[in-house]
Amino acid sequence: MNRNLILVTVLFIVLFIGVSYIYVLDNPVEINIQATIGNTTTTTAPVTTTTTAPVTTTTTIPTTTTTIEVSQEQEEVTINTNSEEDTEIYKGEFTSFDGFEGENQLRLNELVASLPDELRKSVESSVIFVNGCHSYAATILERCPFGVWDSAGTFADGTVNSKWKLSVWVSNKAFANNREYDTLLHETSHALSYLTRNCINPEGEKKRIEAQEFFGSEELFADALAIYYGGDYAYYRENIVLQDSEREFLDNYIALCCEN
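Residues numbered from 1 in each chain as written. Predicted model: local features only at pLDDT ≥ 70, side-chain atom pairs only at ≥ 80, totals over all residues. Heavy atoms only, no water.

1. Some words on the confidence of the model for the protein chain
Inference 1: Of the residues in the protein chain, 65% have a pLDDT of 70 or more, and the chain-wide mean is 76.
Inference 2: Below pLDDT 50 for its whole length, residues 19-84 participates in 66 contacts with residues either more than four positions away or in separate chains. (pLDDT = per-residue confidence, 0-100. Contact = heavy atoms within 4.5 Å.)

2. Some words on the sheet that holds strand β5 (residues 147-150)
Sheets are built from strands paired through backbone hydrogen bonds, the pairs being either parallel or antiparallel.
Inference 1: Taken together, three strands build an open sheet; the order of strands is β4-β6-β5 and the sheet is mixed. The open sheet is flanked by β4 (128-131) and β5, the only strands paired with a single partner. The sheet shows a mean angle of 15° between the axes of neighbouring strands, direction not considered.
Inference 2: Bridge analysis of β5 against strand β6 (residues 167-170) gives four bridges, and the strand direction is antiparallel. Among the inter-strand pairings, D150 is bridged to a residue of β6, identified as S167.
Inference 3: In the packing of helix α2 (residues 105-113) onto the sheet, the strands contacted are β4 and β6, and the crossing angle to β4 comes to about 140°. (Pairing = 2+ DSSP bridges. Helix = DSSP H or I, 4+ residues; strand = E, 2+ residues; numbered from the N terminus. Axes fitted to C-alpha atoms, helices over the stretch in contact; angles between N-to-C directions.)

3. Let's talk about the packing of aromatic side chains
Inference 1: Within this structure, the stated rule accounts for twelve aromatic pairs.
Inference 2: Look at F214 and F215: their rings are 4.9 Å apart centre to centre, the planes differ by 80°, and that puts the pair in the edge-to-face class.
Inference 3: Judged by centre distance (4.4 Å) and plane angle (10°), the rings of F214 and F249 are stacked. You can see F214 sitting in helix α7 (residues 207-215) and its partner F249 sitting in helix α9 (residues 244-257), a full 35 residues away along the chain.
Inference 4: On the accessibility criterion, F214 (39% relative accessible area) is partly exposed.
Inference 5: Through a chain of ring-to-ring contacts, the aromatic side chains of F94, F97, F155, W164 and W169 assemble into a single cluster.
Inference 6: If you follow R197 out to its NZ or CZ, it ends over the ring of Y194, 4.0 Å from the centre.
Inference 7: Lying across the ring of F249, K207 places its NZ or CZ 4.7 Å from the centre. (Phe/Tyr/Trp six-rings, centres within 6.5 Å; stacked < 30°, edge-to-face > 60°. Buried < 20%, exposed > 50% of the residue type's maximum accessible area, 1.4 Å probe, protein only. Lys NZ or Arg CZ within 6 Å of the ring centre and 35° of its normal.)

4. Focus: the pattern of salt bridges
Inference 1: Here the structure, examined in full by the defined rule, presents seven salt bridges.
Inference 2: Of the charged contacts, one joins R107 and E110 as a salt bridge, the two residues approaching to 3.3 Å between their closest N and O atoms. Here E110 and R107 lie together in helix α2, a separation of three residues that amounts to about one turn.
Inference 3: For the salt bridge of E218 with R208, the shortest nitrogen-to-oxygen distance reads 3.8 Å. Placement of E218 in helix α8 (residues 218-228) and of R208 in helix α7 is noted, with a sequence separation of ten residues between them. The same class applies to E218 as to R208, namely buried. (Salt bridge = Lys/Arg side-chain N within 4 Å of Asp/Glu carboxyl O.)

5. Describing unusual backbone geometry
Inference 1: Phi is positive for E142, close to 65°, though the residue is something other than glycine.
Inference 2: Mapped onto the elements of the fold, E142 is located in the loop between α4 (135-141) and β5.
Inference 3: The exposure class of E142 is exposed, given its relative accessible area of 67%.
Inference 4: Here N161, not a glycine, exhibits a phi torsion of approximately 70°, which is positive.
Inference 5: Tracing the sequence through the fold places N161 in the loop between β5 and β6.

6. As for α7
Inference 1: Along α7, the positions that sit buried rather than exposed are K207, R208, A211 and F215. Projection of α7 onto a plane perpendicular to its axis shows the buried side chains occupying an angular sector of 100°, all on one side.
Inference 2: Elements in contact with the buried residues of α7: α6 (180-195), α8 and α9.
Inference 3: Of the residues one or two after α7, G216 is the one with positive phi, at around 115°. (Arc of directions from axis to C-beta.)

7. Examining the state of the cysteines
Inference 1: All chains considered together, the criterion is met by two disulfides.
Inference 2: With its sulfur 2.4 Å from that of its partner, C133 forms a disulfide with C144. Here C133, found in the loop between β4 and α4, pairs with C144, found in the loop between α4 and β5; they are eleven residues apart in sequence, far enough to count as distant. In this pair, the class of C133 matches that of C144, namely buried.
Inference 3: Two residues share a disulfide in this structure: C199 and C257, whose sulfurs sit 2.0 Å from each other. (Disulfide = S-S within 2.5 Å.)

Written out as structure tokens, the structure reads:
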């Protein structure tokens, strides 16, 4: 009796296990594992991302865009729209220049007119002022700079003699970062330096070379000129205060080399 009961029990257990095994095979268990990874911020060179909604327009420069500026040095993001609503757009010869942007050309013209008279009159008959991202500078730097002084009229491939010889460029990036006047003043100082390159001091030496040696480089000379003409920002100098000897040197330079 007991042996029969044990046998029946064993058979029942075997049968139950078999049925359960078949059920599991036919109905596999689904396990979902989800991992959430936090946002990682990576510092990159300044870039511009432009998003344009599909539109039909007869205006080619500029189109309505939203520009996101990431400034590595300033650690900030500036988002600007260049909507054409209620905005007068420049329509002139610069529109054919490589790198011309134009959204701020009229504003740039106003800033040029506001330069100190002595500086402006020394360059305005020879130099053109362009709102744009200079194509060759952007190529060699792999980003758009705030500004460029181009005496040779340089194309994107490095060849020269373009229509923009003797040109100062101030980019939209400079405007987006509120550095447009500082940039204009610095690049115009380079223009003044270049235009006076043949000025000779009483010792028979070129005054521009003397200035570069006195201040330490062409960039430091341009910074000093920018401060001399009222600028309050320096791109290469460690300070924005001219020493008496520096101011005296520039007084003599302007008196000797600038006809105006």
